[in-house]
Amino acid sequence: MQMKTANALEFPSKPKIGMISLGCAKNLVDAEIMLGSVLQRGMEITSRPEDADVLVINTCAFIDSAKEESIEAILEAHQQRRLNRRADQKLIVSGCMSQRFAKELRREIPEVDAFIGLDQVSELGKIVEKILGKRPTLNAQRPTPKTDSWTLEIGRSALGVDSKNGDLDIGFANTRPTYIPDYDTPRFRLTPAHFAYLKIAEGCNHPCSFCVIPQMRGKHRSRPPQSVLEEIRGLVSEGVREINLISQDTTYYGMDLWQVKAGPRQPVDSTHGPTLAALLREIQKIEGEFWVRLLYTHPAHWSDELIETIAGCDKVARYIDIPLQHIDESVLRRMRRETSRAHIENLIHKLRAGIPGVTLRTTFIVGFPGETDGEFASLLDFIQQSKFERLGIFKYSQEEGSRAAKMPGQIPARIKNARFRDAMSVQQQIAQDIARERVGMELKLLVDQPHFARTEGDAPDVDARVVLSKAAPVGEFIWRRITGTRGYDLLA
């Protein structure tokens, strides 16, 4: 995205803004937009938190461990502010936790100068200007609270906070978000120059019983196709070689823009309006050498048209990220996944048959409420039979506000831990066998560092790497023969 200029308030010197961003790639894009807005207002960005006049903690609240990490980051930032004798440093909390728990966080951590919601990501520059115009932070020397039981008790009261200070509306979280970026939204990319994440939609319409993302991020809302295409053209012109398309539900892209409203189980059909398949065909026409990678595709919205489109577009990576969560029929129903075992098995067969050489990545949840030994055994058997090239396991997290949190049969942590280890042990052997099968192959690689690259079947940050014996230019495509393996990684 191109930076736009704007009139900024005059300060004695350019304020320095620091950012600590936690969570997923979708959160990272929000962080990039926030930093773009502060650059637009004439401020500077620093990678050193201790040098920042304003430090932003961009939080995640997906599961308990993410909430704990977010709380610890906030408290650590405040403690460092005291240790560094930076009582004048302002602290802002943004992201999913701020969106969901603004009232509770403000009560528990009054040292924070502002909690901003997901609809305010493009307005951080203006918010910073207001904060810097305030008097010094109250309670800046107040002892740091402990990260004890209150950390995970957040979320039990209604949201919506009225600002008492008259100059900032801190309680943004009284409505579900509606914001979605555009191709010309100012943005400061935090990824290496050769790859980027591109958010094609925001929010989610699915009723999964374990998840509170729709409560935090609102209903599914797609960007217009031309907005996405303009951004891709801009990124490719800047030398980006890999574009990762992201949203909460990538395969539902465009269906909310149809003239006739499409429900969550609506079959995908490009004759009705914009779809992911139609978008990919337009991306294929953009000149330049680059990959487009699909992340976070929901199994309910795959179609024969989409499979055929991917197979026919050489700029779309043969890589499918498709979180399945479970395979047992009873567990899928309790999860409200809207997909049956038969649908999943048929889809996997179609993907492998229709896209030769495809890499499938999925995630599963173990320890879901009521999961019996037999239901877990069926999941293990499915993993062994399906041989997913990439697979992640989550231990079920009892999320406040979700349907599953109130279900009977909550599984003890020791059983969840044991099932996690068993599933990962099975997958480790599968992944290593698949890696060994690639020895001797000549593969196209994208170079991330002089001695590290990735194949078409490896997404950044989450998948395996290729260790290069001979250095290669960063950000370029190369061809190398695979000579061996090292754990999950390949050698070339």
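Above this note sits the structure.
A few points on the structure. Fair warning: this is a prediction, and the values are worked out from it, not measured in the lab.

Definitions and cut-offs
- Residues numbered from 1 in each chain as written.
- Predicted model: local features only at pLDDT ≥ 70, side-chain atom pairs only at ≥ 80, totals over all residues.
- Heavy atoms only, no water.
- Phe/Tyr/Trp six-rings, centres within 6.5 Å; stacked < 30°, edge-to-face > 60°.
- Buried < 20%, exposed > 50% of the residue type's maximum accessible area, 1.4 Å probe, protein only.
- Helix = DSSP H or I, 4+ residues; strand = E, 2+ residues; numbered from the N terminus.
- Expected span 1.5 Å × (residues − 1).
- Contact = heavy atoms within 4.5 Å.
- 1 Å grid on protein atoms, 1.4 Å probe; cavity = no way out; pocket = protein on both sides within 12 Å on 5 of 7 lines; lining within 4 Å.
- Points joined across faces, edges and corners; volume = space filled by probe spheres on them.
- Nonpolar A, V, L, I, M, F, W, Y, C, P; charged D, E, K, R; others polar.
- Pairing = 2+ DSSP bridges.

### Notes on the packing of aromatic side chains
- This model, assessed by the stated rule, comprises 6 aromatic pairs.
- Here Phe195 and Tyr197 contribute two aromatic rings whose centre-to-centre distance is 6.1 Å and whose plane-to-plane angle is 85 degrees, an arrangement assigned as edge-to-face. This pair shows no difference in class: Phe195 is buried, exactly as Tyr197 is.
- Aromatic side chains Phe364 and Phe382 sit 6.1 Å apart centroid to centroid with 80 degrees between the ring planes, which places their arrangement in the edge-to-face category. Here Phe364, found in strand β12 (residues 359–366), pairs with Phe382, found in helix α11 (residues 373–386); they are 18 residues apart in sequence, far enough to count as distant.

### Points about helix α12 (residues 413–437)
- Counted at 1.5 Å a residue, the expected span for α12 with its 25 residues is 36 Å, and the 36 Å between its end C-alpha atoms agrees.
- Considered for burial, the residues of α12 that qualify are Lys416, Arg419, Ala423, Val426, Gln427, Ile430, Ala431, Ile434 and Ala435.
- On its buried side, α12 packs onto β12, α11, β13 (390–395), β18 (484–486) and β19 (489–491).

### Observations regarding empty space enclosed by the protein
- For the coordinates displayed, the defined rule picks out 2 cavities of 30 Å³ or more.
- The space that makes up the largest cavity amounts to roughly 50 Å³.
- Of the residues assigned to the lining of the largest cavity, the class counts are 5 nonpolar, 4 polar and no charged.
- In this structure, the second largest cavity occupies an estimated 30 Å³ of space.
- Asp30, Leu118, Asp119, Pro177, Tyr179, Glu202, Arg217 and Arg221 together form the lining of the second largest cavity.
- In terms of residue class, the lining of the second largest cavity is built from 3 nonpolar, no polar and 5 charged.

### With respect to the pairing of strand β6 (residues 195–199)
- Of all the 5 residues making up β6, 5 are buried; the element is thus mostly covered by neighbouring parts of the structure.
- With burial as the criterion, each face of β6 is covered, one bearing Phe195, Tyr197 and Lys199 and the other bearing Ala196 and Leu198.
- When β6 meets strand β9 (residues 242–246), the two strands line up parallel, connected through 5 bridges. The residue bridging Leu198 from the neighbouring strand is Leu245, located in β9.

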